[in-house]
Amino acid sequence: MEFAELIKTPRVDNVVLHRPFYPAVEGTLCLTGHHLILSSRRQDDAEELWLLHSNIDSIEKRFVGSLGTIIIKCKDLRIIQLDIPGMEECLNIASSIEALSTLDSVTLMYPFFYRPMFEVVEDGWRSFLPEQEFELLSSVTDEWRLSCINKEFSVCPSYPPVVIVPKSIDDEALRKVAMFRHGSRFPVLSYYHKKNGMVMMRSSQPLTGTNGRRCKEDEKLINATLRAGKRGYIIDTRSLNVAQQARAKGGGFEQEAHYPQWRRIHKSIERFNILQESLIKLVEACNDQSHNMDRWLSKLEASNWLTHIKEILTAACLAAQCIDREGASVLVHGTEGTDSTLQVTSLAQIILDPRCRTIRGFESLVVREWLQAGHPFQQRCAQSAYSNSKQKWEAPVFLLFLDCVWQILRQFPCSFEFSEHFLIMLFEHTYASQFGTFLGNNENERLVRILAQNPASGKEKVSRSKLKLQQKTMSLWSWVNRPQELSKYKNPLFEANSLVIWPSVAPQSLQLWEGVFLRWNRSSKFLDEAYEEMVTLIEYNKQLKAKVNALRRKLAELETDDRMQENL
Amino acid sequence: MVEYVKASHEDFGVRLKKGYEDAENEEENLMLDRKEKKESAGKIQRDGFKVQLCHVDGGKSRSQQDTKPCDAKRANPFTGAILSLSLKVMYGMVENVKLLDRYTNRKAANGTLYLTATHLIYVDASAEVRKETWILHHHIATVEKLPLTTAGCPLLIHCKNFHVAHFVIGQERDCHEVYTSLLKLSQPVKPEDLYAFSYNPKMSKDNREIGWKLIDLKVDYQRMGIPNDYWEITDANKDYEVCNTYPPEIVVPRAANKATVIGSSRFRSRGRIPVLSYLYKENNAAICRCSQPLSGFSARCLEDEQMLQAIREANPGSPFMYVVDTRPKLNAIANRAAGKGYENEDNYDNIRFKFIGIENIHVMRNSLQKLLEVCETKSPSMSDFLTGLENSGWLRHIKAVMDAGVFLAKAVKDEKASVLVHCSDGWDRTAQVCSLASLLLDPFYRTFKGFMVLIEKEWIAMGHKFSHRCGHLDGDPKEVSPVFTQFIECVWQLMQQFPCTFEFNERFLLEIHDHVYSCQFGNFLGTCHKEREDLKIFEKTHSLWPFLLQKKQEFRNPLYRGFTAYKELQPNTLPFSFQFWCGMYNRFDKGMHPKQCVLDHLLSCMSQKMKLEDNASELENKLPFLDGPLPTEACSFPKMGSASKTPMLNTPQDYEGEPPPVLTNGTAVGDVEVMSDVDQKNKENLSKHQDPHDLKDAFGVLDSEAKDGKPQHP
């Protein structure tokens, strides 16, 4: 397919752009295969807007006479308005945008066309390999091994080719365990707590069904993670009720009788459409500027967004507590083990492991616990808060995770190497990006190309030809990890803190993430200035320190010179 | 853990003398755990404690006289106590008292409760590090005895600074004794029993008097350019003839003669005639304040109409003026039946009348009550909390006050129109709204000094009834209302939106809020200027402000960009711009607060910066000459150029105090690079005077500052 077919009117003059907090700009609107571009074309101070079609969540058209207005609502929650003279032009532009923003073929996405204008110092695709992670692990313990059982994605389609499992469990046993777990997601190592050797495992639900099926290998596998005489905790991210109902569909939970060394705790975290609806309601509340205080608070409450934040954080704190305070190993799962499970395991690591609070460590966490662990980004982030189309698999699972990280960052403002901007940047790139990092739903798909999705059957015709994201697209990390880019995301207050950080989950301690949800609704001028001021103060101190040191050195040198002269 | 925790706190070792006769235990050294100390007591209590010490000294002789061990006293320490504050000594001690923690299920602390003349002190004996909880008697809002439990007799104390302490006392009898003592101590009947009258920071009489002169409202009017062609400062009220709740000197239009003033005062509730609150020099638009007119259904008053005309004409640039009634319309209408009411637009020339519905003191009191119930709920869900927050209406009221302040500021600045503001008596909502508008319009009020002036002017001088609203004395509980708290919160909300515009930080607000209730200083006692004169406040008590200025270092805002960086503020008043102030209403639940404090971090950066700059200049002086710039000097120091924050380098105590314009000659101060040996010596001299009791030098500086150093409006 040629993009040109979709672009009926590539260019319109005298279009007026309205954006929040900026004066209206008049200019020329151009449509390309991947961008909507508006340029003021003024000599003195040309203003340009480049908007990825894939960032567009929905559009609305309005007409007053022959003047058409298109309201574009973006996945990053921004809303812009274009006034386009001429009804036909406006209709053409609208239909083109609609078509271009809803392309369903992955290989037509911008990352496959994007040519980087920067020098690649480090290939992000190779920055965080499971082998490196295992090397780190084997320097502190030899109880684990790297299994290549999933090399061809034949055991578990949503797992990466290599996983870390207990040394005492062989691949044959793993195959049996995989049969016993939903989507074949058998328990794998998520985190090793160096301080006391306790571990966090993650998996999907066991397929016990109504008649209480059991699997000896499964029991053996998870018991292998326990120290002699120690007990462990299974954190089920569903309520007991939901977990029980899952048995009717063949799923279920670990029975005490078969897992006597494990205590099961149910910590309910919502999923799918409930989360998506929550996001839609929250964004709607933030964007409606007409209401009074009571209505705002009641809408904020009704969105339940902060309730979800509290639930997720509570479950993560609990997991961290079991590991660090109780000295127990933990297994986390919900149903599929691709959403709430990952929220809990990744947040627990941020609480426990100082490395995850550095930029590189956090990137590694995102790669390990989200990308390689098979969080279906493409499904979850297909649409955002403004979409009119019927929601299928969309859910702001990763955004909730980022929001929880922000909440912890707010409570421990000096313990993170990155600032809020880093989290916002990740949020944007999960929904629309020039990089290939968040394309696809798992490592399997990132390597194997999906040719087409048949909407009727929902089945995917999979061809074995490789998608070759690594060769054909640029990794987000290649771009972000360049020093000049990285400096934008550094937290000026950072002072490495090697301790476990326990956030408060009291409602009074949790706040709406203004940087994302009010970003386009209120001017951040004064807050930005405060941030600058803070950076200036801290930077100035650093320079002073350097100056004092240099002076001291100079003085010492002079004194030595003097002495030498005296000696002469 | 992190370096900034260590910084800036002196050693809190204090000696607490117990009030029972046990030769060996008569004195006991208490090392206060720093964190807990901060948590439980804050700084006032520490100051208060010093005073308490001198009481104890006085009391020691007494106790030695009626000596001999009193086992009886020990069994029931309160029976022997004399409940007379005239002695200013009150001893008592109960052992085996538990302090419950509302938020954790930790084992309750076990310790001893001491009752002194000024504080209730709980010493936790079970903790490894000594932990103390101090509660100033005046801070106690309510004491409740809860039903007996197996653990003992629970005593629940709610404080006016939102501290909640839940004790469990072993013996019911002891609990009752503590209970009745606290009831008496927390709300004395006679004003002379208030803490301020016995508080003795060992300061000379001269210094105390200088302290009271620190804030001179006349200087503030001069700053606005008054007297001028249109406005004059009159002593028309010198014998409180016009209005007994106004100060002797008031600012009225020149065009309003004595007859007009007197006539108008008869037509205004409690004689509170329209007087100037703030003059916006740029365009001559003024904010004036008064009480409601006694208009009833049809009454009118020629002098009052002339008064308003005079105010309007004092701003020749505008053909009209606003008259703003800050009450809900219904309330105002209801007042007409009682012979009061609001201005009839037909009777006054060229006024635009407007209601701004801020609710009355009773609604506000109930709202706060509901808010506090929400804050105190044990492990609420998010939904519980947000619903409770909404139902309390608290943020709705805060928004209403803020909206009103914004309306005033806009009318003055954008429409260039003068505004006359009133509510019923003009001492609650009017004070909130006028002071907020001034704060939005004039950066001076966002400095330390300016904020003090603002509170003195709009609240203290103009007769906000602190004594009644704060329940200082045993009185009508229906008079109590968090009007001032709301104002303080509005300032905090502004700080959230404009983090670089205030010279002071959140702690300064909390400290002022604490002292409004503490009765430790005279400023907030009584209800109006006349009453304070009658109480001999100025002779017998100390003023709060110099004490706050002394602690400037910990109250300043490290992000402040200086006096000239921002002029008028236009806050966003959409509902989402208002946040719940956890630092106020859950202030003592430290577990809820961010575990690392950016403010602390930046404050330590500031002090580090001073040290480094000292080091740098010292080293530079030692270096005989330099051939060229040092490599590191090549990097530019962004701050040095703009210099707006450097003045503090001059003195360790930072009495540069006021924003840069203080230095009228316009030279840049405090350039580190040129600091000479002489400066260095001065600095050392100054630093010798850090003894908190030796305020003389400090006052010397403050005094001259008060006289000459007023920043002029640019």
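Residues numbered from 1 in each chain as written. Chains lettered and ligands numbered in written order. Predicted model: local features only at pLDDT ≥ 70, side-chain atom pairs only at ≥ 80, totals over all residues. Heavy atoms only, no water.

### Thoughts on the packing of aromatic side chains
Residue and element names in this part refer to chain B. Defined as follows: Note on aromatic pairs: the rings of Phe, Tyr and Trp (six-membered ring only in Trp) are paired at centre separations within 6.5 Å, and the planes decide the class, stacked below 30 degrees, edge-to-face beyond 60, tilted for the rest. The numbering of helices and of strands both runs from the N terminus, where a helix is a DSSP run of H or I of at least 4 residues and a strand a run of E of at least 2. Only protein chains enter the accessibility calculation, which uses a 1.4 Å probe. A residue is then buried if its area is under 20% of the maximum for its type, exposed if over 50%, and partly exposed in between.
Using the criterion set out here, one finds 60 aromatic pairs over all chains in the structure. With 6.0 Å between their ring centres and 15 degrees between their planes, Phe 451 and Phe 487 make a pair best called stacked. Note that Phe 451 is positioned in helix H15 (residues 448-461) and Phe 487 in helix H17 (residues 483-497), a separation of 36 residues in sequence. Judged by its relative accessible area of 0%, Phe 451 is buried. Between the aromatic rings of Phe 451 and Phe 508, the centroid separation amounts to 6.2 Å while the plane-to-plane angle is 55 degrees, which identifies the pairing as tilted. In this pair, Phe 451 is assigned in helix H15 and Phe 508 in helix H18 (residues 506-518), connecting sequence segments 57 residues apart. One aromatic cluster is present, formed by Phe 448, Phe 451, Trp 459, Phe 466, Phe 484, Phe 487, Phe 502, Phe 504, Phe 508, Phe 524, Trp 545 and Phe 555 through successive ring pairs.

### Regarding the confidence of the model for chain B
Residues and elements named next belong to chain B. The test is simple: For every residue, the predictor states its confidence as a pLDDT score lying anywhere from 0 to 100. Residue contacts are defined here by distance: any two heavy atoms, one from each residue, within 4.5 Å place the two residues in contact.
When pLDDT is averaged along chain B, the result is 79; 74% of the residues meet or exceed 70. Below pLDDT 50 for its whole length, residues 628-714 participates in 140 contacts with residues either more than four positions away or in separate chains. With pTM at 0.86, the complex prediction returns an ipTM value of 0.94.

### Quick look at the environment of Gln 343 of chain A
Residue and element names in this part refer to chain A. Residue position: Gln 343 is located in helix H10 (residues 340-352). Given the relative accessible area of 1%, Gln 343 is considered buried. Residues Gln 343 and Asp 294 lie 49 residues apart in sequence; the distance between their C-alpha atoms is 32 Å.

### Some remarks on the interface of chain B and chain A
Keep this limit in mind: By buried area we mean how much accessible surface two parts lose on assembly, using a 1.4 Å probe and totalling the loss over both. In the sections that follow, a salt bridge refers to a side-chain nitrogen of Lys or Arg positioned within 4 Å of a carboxyl oxygen of Asp or Glu.
Listed per partner, the contact involves 70 residues of chain B and 62 residues of chain A. Taken over both partners, the interface formed by chain B and chain A buries close to 5900 Å², and the fraction arising from carbon and sulfur atoms is 70%. Contact with chain A buries area across many residues of chain B, yet Met 382, Phe 576 and Gln 596 of chain B alone supply 13% of it, more than any other trio. Joining chain B to chain A, the criterion identifies four salt bridges. We note a salt bridge from Glu 620 of chain B to Lys 547 of chain A, for which the minimum N-O separation is 3.3 Å.

### Focus: the pattern of salt bridges
Residues and elements named next belong to chain A. In total, this model carries 60 salt bridges over all chains according to the counting rule given. Across the pair Glu 133 and Arg 368 runs a salt bridge whose closest N-O atoms are separated by 3.7 Å. Highlighted residues: Glu 133 in helix H3 (residues 130-138) and Arg 368 in helix H11 (residues 359-372), separated in sequence by 235 residues. Assigned by exposure class, Glu 133 and Arg 368 land together as buried.

### Quick word on the sheet that holds strand E5 (residues 119-124) of chain B
Residue and element names in this part refer to chain B. Selection criterion: Only when DSSP finds a minimum of two bridges between them are two strands counted as paired. Whenever a helix is involved, its axis is fitted only over the stretch in contact; in every case the axis is a line through C-alpha atoms, and angles between N-to-C directions fall within 0 to 180 degrees.
A sheet is described by the order of its strands in space; here seven strands give the open sequence E6-E5-E4-E3-E9-E8-E7, paired in antiparallel fashion. Every interior strand has two partners, whereas the edge strands, strand E6 (131-136) and strand E7 (140-145), have only one. With direction set aside, neighbouring strand axes in the sheet form an average angle of 30 degrees. Sheet analysis places strand E4 (residues 109-115) next to E5, joined by five bridges and oriented antiparallel. Each bridged residue has a counterpart across the sheet, and for Leu 115 the counterpart in E5 is Leu 120. This element, helix H5 (residues 172-186), spans strand E3 (93-100), E4, E5, E7, strand E8 (153-159) and strand E9 (164-169) of the sheet and lies at about 155 degrees to E7.

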